[in-house]
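# Coordinate analysis (summary)
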Amino acid sequence: MTSRKGLATALCRLVFFCATFCTTPALAQPPAANQMPSVIQVPPEAQATPHFDATAATNAYLAQIPTDKTARSDAYFEGGYWMSLWDFLYGVAVALLLLNLRWSVRMRDLAERVTRFKPVHTFVYWLQYLVIATILAFPLTVYEDYFREHKYGLATQTFGPWMGDQMKGLGVNLVLGGLLAMLLFVVRRLPRTWWIWGAVVTIAFSTFTAMIAPVFILPIFNKITRLDDPKVVDPILSMARANGIPAKDVFEIDASRQTTRMSANVSGFANTMRITLNDNLLRRASPEEIQAVMGHEMGHYVLNHIYKGIMFSVILFVLFFAYLHWGLDWTLKRWGEKWRIRDVTDTAVVPLVVLLALIFGFVTTPITNTLTRTQEYEADMYGLTTSRQPDGFAQAAIHLGEYRKMNPGPIEEWIFFDHPSGRNRIYAAMRWKAENLKLFTGSRCVRVGTGAPPVQAELQLGSCL
Ligand SMILES: [Zn+2]
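The following refers to the structure shown. Sequence order as written defines the numbering, with residues in each chain counted from 1. With the structure being a predicted model, the display of local features is reserved for residues of pLDDT at least 70 and the display and counting of side-chain atom pairs for 80 or more, all residues being used for whole-chain, interface and lining totals. Only hydrogens and water are set aside when side-chain values are computed; all heavy atoms of the structure are taken into account.

### As for the pairing of strand β5 (residues 274–278)
Only protein chains enter the area calculation, which uses a 1.4 Å probe; residues under 20% of their type maximum are buried, those over 50% are exposed, and those in between are partly exposed. Under the DSSP-based scheme used, a helix requires at least four consecutive residues in state H or I and a strand at least two consecutive residues in state E, with every element numbered from the N terminus. When you tally the buried positions in β5, you get five out of five residues, the bulk of the element. Taking every second residue as pointing to the same face, both faces of β5 are buried, with Arg 274, Thr 276 and Asn 278 on one and Ile 275 and Leu 277 on the other. The sheet contact formed by strand β3 (residues 251–253) and β5 spans three bridges and is parallel. Within the sheet, the bridge partner assigned to Phe 251 lies in β5 and is Thr 276. Whether two strands pair comes down to DSSP finding at least two bridges between them. As judged from the four bridges shared by strand β4 (residues 264–267) and β5, these two strands associate in the antiparallel manner. Its bridge partner being in β5, Asn 265 is matched across the sheet by Thr 276.

See the structure below:
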C-alpha cells in the first residue's frame, strides 16, 4: 500500500509505530470464511505432565488447525509477497508515467499560475499529484484492498463504505502530506544542507503525527471507546499496575467495521500512548488469550518499543535523505532536462522523490521487518512471563494464523514477516511452559473453578511458586 500512496504515507507509516500484536480486518456475518478454530481444550500433549515436551506440544497445537484453513491462509499470505512486488512495480510505473509524459511539469505550471505565493504552489501541486496518482493506482488498490480481502473472508465492508474510507484516507493524505511537502520544499532552498534538514523535519513531523494519530486520525475511520466491562478490564489493569504502567483505561476499537482480524496494539506517543483491543479480539478470544495478548502489549510499553522505534526511524530517515540527495543529483543530471525539472527545489520533482523512496523502501523491507519482528519477539517473551498464559498465547497465535502463514521457512520469515511466525510463537510459549511446569501442576495448586486462568489461581492460593 505504501508504494502507491506517495511519499507522505510511506514516511508517516514508518514512524506511525503501531506495535500490532495481532492485526486488523472482520466479517459482519459470522462465521468468517476462514476462521481458525478457537481451541478451548488444551491438547493432551500440551498439558502439564512430567513428559511435557515443547516441540510435541507445538505440533499438537498446529495439528488442531484444519489443513484447508492452513492452505487458505498460506495462499493469502504468500500472495502478499507478490502483492508487495506488484505494488512496487506499479508505483514505479506511475511515477515514470508522470515524469515522462510531463504531467508533473504541467501540474507545477498550473500551480504557479494559480498564485504567486510560493508555499501555496507546493500545496496546489500536491493536491493535483495526490488525486491523479490515486486515480492511476485505483485498479490495484481496489483489487488488493477490496476484492482480495473479501475473497479470503477478511473484509466486512460493502463497496460504498469501503470507498468512503478511501476518500477519508485521501483527505488525511491531502492535509498531512501537503503540510509535509510544504515544509520539505522550504528546507530544499538550503542548497547544501537541505537533506539534513529534510531528515530533521520529516522525523519531527512523523513523531508529531504518531502522537496525534490515536486521538485525531484513527477516530476518523473507527469508533474508539473506553472499555468498561470489569471482567475484561480489571485483570488487565491489575497486570498493568503490577508492571508499573500508569494506565487507568483500556480502549476498544470497532475494527469489525472493516475487518475480521483480531488485533490489539500500543499506539501514540507520550501523553497519547494507549493500549487498544479490537472488538474481534474481545468477541472471540478467551480470557486467557486476552491476558496473553495484553501481556504482550504491555511488553511493548515497558520495553520502550515506541521510543526505540523512533530512534530507529531517525537512523533510517537520515540514511534515506542522504540517499535521496545523491539519487536526485544523479537522476536529474541525466534526465532532468528531458523531464523539464529545473532542480531539487522544483515541485515537479515529487514523482521522482516517490520513485526513489519506493526503491529505498523495497530494498530495506527485510531490515525494517527484522527490527519489528525482533521487538515483537521481545514483547512475546515479556508477555509470557507477565501473563503466565502460554496456552492462551498459543490460541492467540492460531487465531492470527487466519491471515498469517503459520509455518514458513527461516529465510522466508526473515524477509517477509514483521511478526514471528505462528509456529515460532507457539513454540516459544510451550518452551516457557516447559520451564514453568510447576505453575500448572502440583497437588497444592488446585485450579480455581473451571477454566480459571492459572494466574488467577496463583493469586488466590498465594504460595504455589
Ligand atoms: Zn506486538
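### Examining the nonpolar core
Only buried Ala, Val, Leu, Ile, Met, Phe, Trp, Tyr and Cys residues count toward a nonpolar core, and they belong to the same one when joined by side-chain atoms within 4.5 Å. Counting residues in hydrophobic clusters, the biggest one holds 52 residues, and the most contacted among them are Tyr 129, Leu 324, Leu 328, Val 349 and Leu 352. Among the elements of the structure, α3 (67–100), α4 (103–114), α5 (118–151), α6 (159–187), α7 (194–221), α11 (305–339) and α12 (350–387) are those that each provide at least two residues to this core. Contacts between residues were defined by any pair of non-hydrogen atoms, one from each residue, lying within 4.5 Å. Residues contacting Leu 328, with those up to four places away along its chain left out, are Trp 194, Val 344, Val 349, Leu 352, Val 353 and Leu 356.

### With respect to a nonpolar patch on the surface
By definition, no residue in a patch forms a salt bridge, and every one has over 30% relative accessible area; like charges are joined within 9 Å, nonpolar side chains (Val, Leu, Ile, Met, Phe, Trp, Tyr) within 5 Å. Each accessible area value is a Shrake-Rupley result obtained with a 1.4 Å probe; residue values ignore everything except the protein chains displayed when judging cover. What makes a salt bridge here is a side-chain nitrogen of Lys or Arg within 4 Å of a carboxyl oxygen of Asp or Glu, nothing more. A contiguous nonpolar patch, built from Leu 190, Ile 196, Trp 197 and Val 200 and spanning about 350 Å² of accessible area, is present on the exposed surface. Considering the arrangement of structural elements, one finds Val 200 in helix α7. A relative accessible area of 43% places Val 200 in the partly exposed class.

### Digging into the coordination of the zinc ion
Counted as donors are N, O and S atoms no farther than 2.8 Å from the metal, or 3.2 Å for Na, K and Ca; water is not among the atoms, and sites may therefore look incomplete. In the first shell of the zinc ion, the protein supplies His 296 (NE2), His 300 (NE2) and Glu 376 (OE), at 1.9 to 2.1 Å from the metal. Taken in sequence order, the residues that donate to the zinc ion follow the motif H-x3-H-x75-E. Of this pair, His 296 and His 300 both sit in helix α10 (residues 287–302), four residues apart, roughly one helical turn. For His 296, a relative accessible area of 0% gives the class buried.

### A short note on the packing of aromatic side chains
Geometry of aromatic contacts follows a simple scheme: Phe, Tyr and Trp rings, the Trp one being its six-membered ring, pair when their centres are within 6.5 Å, and the pair is stacked under 30 degrees between planes, edge-to-face over 60, tilted otherwise. Per the counting criterion, the structure on display carries 21 aromatic pairs. Consider the rings of Tyr 146 and Phe 147, whose centres lie 5.1 Å apart with planes at 85°: the pair is edge-to-face. Judged by relative accessible area, which is 48%, Phe 147 ranks as partly exposed. Through successive ring pairs, a cluster of aromatic residues spans Phe 138, Tyr 146, Phe 147, Phe 159 and Trp 162. Only when the NZ of Lys or the CZ of Arg is both within 6 Å of the ring centre and within 35 degrees of the ring normal is a charge said to sit over the ring. For the cation-ring pair, Arg 274 lies above Phe 251, with the distance from its terminal atom to the ring centre recorded as 3.9 Å. The positively charged end of Lys 433 is found above the aromatic ring belonging to Phe 440, 5.3 Å away from the centroid.

### Digging into α12
Residues spaced three or four apart along an α-helix point in a common direction, a consequence of the helix completing one turn every 3.6 residues. Expected helix span is taken as 1.5 Å per residue step, with the number of steps being one fewer than the number of residues. For α12, built from 38 residues, the straight-helix expectation of 56 Å at 1.5 Å per residue is missed by more than 12%, its first-to-last C-alpha distance being only 48 Å. Its axis deflected by about 55° at Thr 364, α12 carries its strongest bend there, up to four residues before the proline Pro 366. At the exit of α12 stands Arg 388, carrying a positive phi of roughly 55°. The angle separating two fitted axes, one through the seven residues that finish at a residue and one through the seven that start at it, defines the bend at that residue.

### Some details on the packing of helix α2 (residues 54–63) against helix α15 (residues 422–435)
For any two helices packed against each other, the geometry is given by the interaxial angle and the distance between the axes. Whenever a helix is involved, its axis is fitted only over the stretch in contact; in every case the axis is a line through C-alpha atoms, and angles between N-to-C directions fall within 0 to 180 degrees. One can describe the packing of α2 onto α15 by two numbers: an axis separation of 9 Å at closest approach and a directional angle of 135°. Considered as vectors, α2 and α15 are oriented oblique to each other. Handedness of the α2/α15 crossing: right-handed. Contact with α2, carried on its side by Ala 54, Thr 55, Ala 57, Thr 58, Asn 59, Tyr 61 and Leu 62, involves Arg 423, Ile 426, Tyr 427, Met 430 and Arg 431 of α15 and no other residues of that element. Considered class by class, the residues forming the contact of α2 with α15 number seven nonpolar, three polar and two charged. When an angle is under 35 degrees it counts as roughly parallel; over 145 it counts as roughly antiparallel; between 65 and 115 it counts as roughly perpendicular; any other value is oblique. The crossing is said to be left-handed when, going from far helix to near helix, the turn is anticlockwise and less than a right angle, and right-handed when the turn is clockwise. Gly falls in the polar group here, along with every residue not listed as nonpolar (Ala, Val, Leu, Ile, Met, Phe, Trp, Tyr, Cys, Pro) or charged (Asp, Glu, Lys, Arg).

### Some details on the pairing of β4
Neither face of β4 is exposed, since Ala 264 and Val 266 on one face and Asn 265 and Ser 267 on the opposite face are all buried. Hairpin geometry of β4 and β5 is characterised by an intervening segment of six residues between the two adjacent antiparallel strands and by a positive phi of about 85° at Gly 268.

### Describing the environment of Ala 93
In this fold, Ala 93 is placed in helix α3. Overall, Ala 93 belongs to the partly exposed group, its relative accessible area being 43%. Ala 93 sits 43 residues away from Leu 136 along the chain, and the two C-alpha atoms are 10.0 Å apart.

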